[in-house]
Amino acid sequence: MLIIKKLRIKPYSSYEEIEAYISNQLEFLSVQDEELYVGFSKRTLQRDIREIRSVFGLIIEYSTKDKGYHIVEDIAGNMSFQKIIEAFDLFSSLNMAGHVSGYIHFEDKKRAGTENILGLLHAIKNRFAVMFDYEKYWDGNSRTRELRPLLLKEFKNRWYVIGEDENLEVKTFALDRMTELTITSKRFKSSKSDYVKNMHFHAFGIIAPTDAKPEKVEISLNPIQGKYVKSLPLHRSQKILVDNDEELRISLIVYITWDLIMELLSYGETIKILEPKSLVTQVKNELETTLFKYK
């Protein structure tokens, strides 16, 4: 992991640079664990490069032109790998720091249902139907559901599975309200797999209308808020149209959904919706309804 982090920070690092970086990191770690010892050599590096390819699927090669090692594949957009890096960094930090309640404030939240991800991934890849008990928030009742799972999706620190239910209708279920997951032996074929993936590509959140088309949304933000939106884009389709001292203007290609409207409203006075006009009207109506409650 240290080799990967070094090459992400500085591509085309020489063996000496990698060795110096690892030695520095291990020196810090040895303060926490005096018995820690990790030998490192060119032979170790070559072995680790093979392990990295086997475990992560990342190819590291030496460039004679640039005189350094680099990651051949572009991992900048690989979200699964980003999640691995984040999880490893957090785990390592908490593991080395020990008791941290006085130094770190965690967000209070329920379980995310991540214990079901591996089973659902197996079912999706191998086309097995699943069964589970599911609780609806609005009535508090739980009942057993059967699903042909097609896609896993994360949104606002929650995980969801999208698939076809018993009536072959596309439905979405939150993993944190799912219990007693069972992977059945019933295999299925679905003509909606690509349809669901394409539909959710332009979805903001978990709602993807089946009877609508994605629209171009144009938004203007003040420069300060714009910096946050540039560092953490609202959507994968985000494109910058204007970026100056007056505003950051961006465009998105998304479905107009309630999730999107709530997100835009959360930016308050720092944002102005420019297009489409229908979205401008919806946002204005929501703001007027909210203001009416305070009259």
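This report concerns the structure included in the present document. (Residues numbered from 1 in each chain as written. Predicted model: local features only at pLDDT ≥ 70, side-chain atom pairs only at ≥ 80, totals over all residues. Heavy atoms only, no water.)

## Here's the deal with the overall build of the protein
Test applied: Only DSSP runs of H or I with at least four residues qualify as helices, and only runs of E with at least two residues qualify as strands; both kinds are numbered from the N terminus onward. It only takes one pair of heavy atoms within 4.5 Å for two residues to be counted as in contact. To be clear on the numbers: accessible area is Shrake-Rupley with a 1.4 Å probe, and residue cover counts the displayed protein chains and nothing else.
Each helix and strand in the protein was counted, giving nine helices and 11 strands. Contacts spanning at least 24 positions in sequence make up 57% of the contacts within the protein whose residues lie at least 6 apart. Only carbon and sulfur atoms are counted for the fraction: they give 52% of the accessible area of the protein, which is about 19300 Å².

## Let's talk about the side chain of E164
Our working rule: With a 1.4 Å probe rolled over the protein chains alone, any residue whose accessible area is under 20% of its type maximum counts as buried; one over 50% counts as exposed, and the rest are partly exposed.
The residue E164 is located in strand β5 (residues 158-164) in this model. Since its relative accessible area comes to 4%, E164 is described here as buried.

## Points about the pairing of β5
For clarity, the threshold we go by: The rule for pairing is simple: two strands pair if DSSP sees at least two bridges between them.
With five of seven residues buried, β5 is to be regarded as a mostly interior element. As judged from the seven bridges shared by strand β4 (residues 142-155) and β5, these two strands associate in the antiparallel manner. By the bridge assignment, R148 is partnered in β5 with E164. Hairpin remark: β4 followed by β5, antiparallel, with two residues in the connecting loop; positive phi at K156, about 50°.

## Thoughts on the sheet that holds strand β8 (residues 215-221)
Applicable threshold: For helices, the axis comes from a line fit to the C-alpha atoms of the stretch in contact; other axes are also lines fit to C-alpha atoms, and the angle between any two N-to-C directions lies between 0 and 180 degrees.
The strand order across the open sheet built from four strands is β9-β10-β8-β11, with neighbouring strands paired in antiparallel fashion. Two strands in the sheet have a free side with no partner beyond their single neighbour: β9 (239-243) and β11 (271-275). Recorded for the sheet is a direction-independent mean angle of 25° between the axes of neighbouring strands. By the bridge criterion, seven bridges tie β8 to strand β10 (residues 248-254) in an arrangement that is antiparallel. Bridge pairing in β10 places V217 opposite L252. Helix α9 (residues 277-292) rests against β8 and β11 of the sheet, and its axis sits at about 145° to β11.

## Looking at the sheet that holds strand β6 (residues 170-174)
Read across the sheet, five strands follow the order β6-β5-β4-β3-β7 without closing on themselves; strand pairing throughout is antiparallel. With partners counted over all chains shown, the strands left at the sheet margins are β6 and β7 (178-187), one partner each. For this sheet, the mean inter-axis angle between neighbouring strands, taken without regard to orientation, is 45°. Here six bridges tie strand β3 (residues 128-135) to β4, and the two strands are oriented antiparallel to one another. In the sheet register, V130 faces β4, and the bridge partner there is L147. Helix-sheet contacts for helix α6 (residues 193-201) involve β4, β5 and β6, and the interaxial angle to β4 is about 60°.

## A few points about the pattern of salt bridges
We apply this condition: Think of a salt bridge as a Lys or Arg side-chain nitrogen and an Asp or Glu carboxyl oxygen that are within 4 Å of each other.
Summed over the entire model, instances satisfying the criterion amount to 12 salt bridges. E169 serves as the salt-bridge partner of K171, at 3.7 Å between the closest nitrogen and oxygen. Note on E169: relative accessible area 42%, which makes it partly exposed. Put simply, D243 and K230 hold a salt bridge, and the shortest N to O gap is 2.9 Å. With a gap of 13 residues between them, D243 in strand β9 and K230 in helix α7 (residues 223-231) connect regions that are remote in the sequence. What emerges from the salt-bridge pattern is a single network uniting D165, E169 and K171.

## What to know about the nonpolar core
Where we set the bar: Residues belong to one nonpolar core when they are buried, are Ala, Val, Leu, Ile, Met, Phe, Trp, Tyr or Cys, and are joined through side-chain atoms within 4.5 Å.
With 35 residues, the main nonpolar core has V161, M178, I219, L221 and I250 as its most contacted residues. Non-local contacts of V161, meaning those with residues more than four positions away in its chain, are made with L120, L147, P149, L151, L152, K171, T172, F173, L175 and M178. In terms of nonpolar packing, the next biggest core, distinct from the first, is built from 17 residues, I22, L45, L58 and I71 among them.

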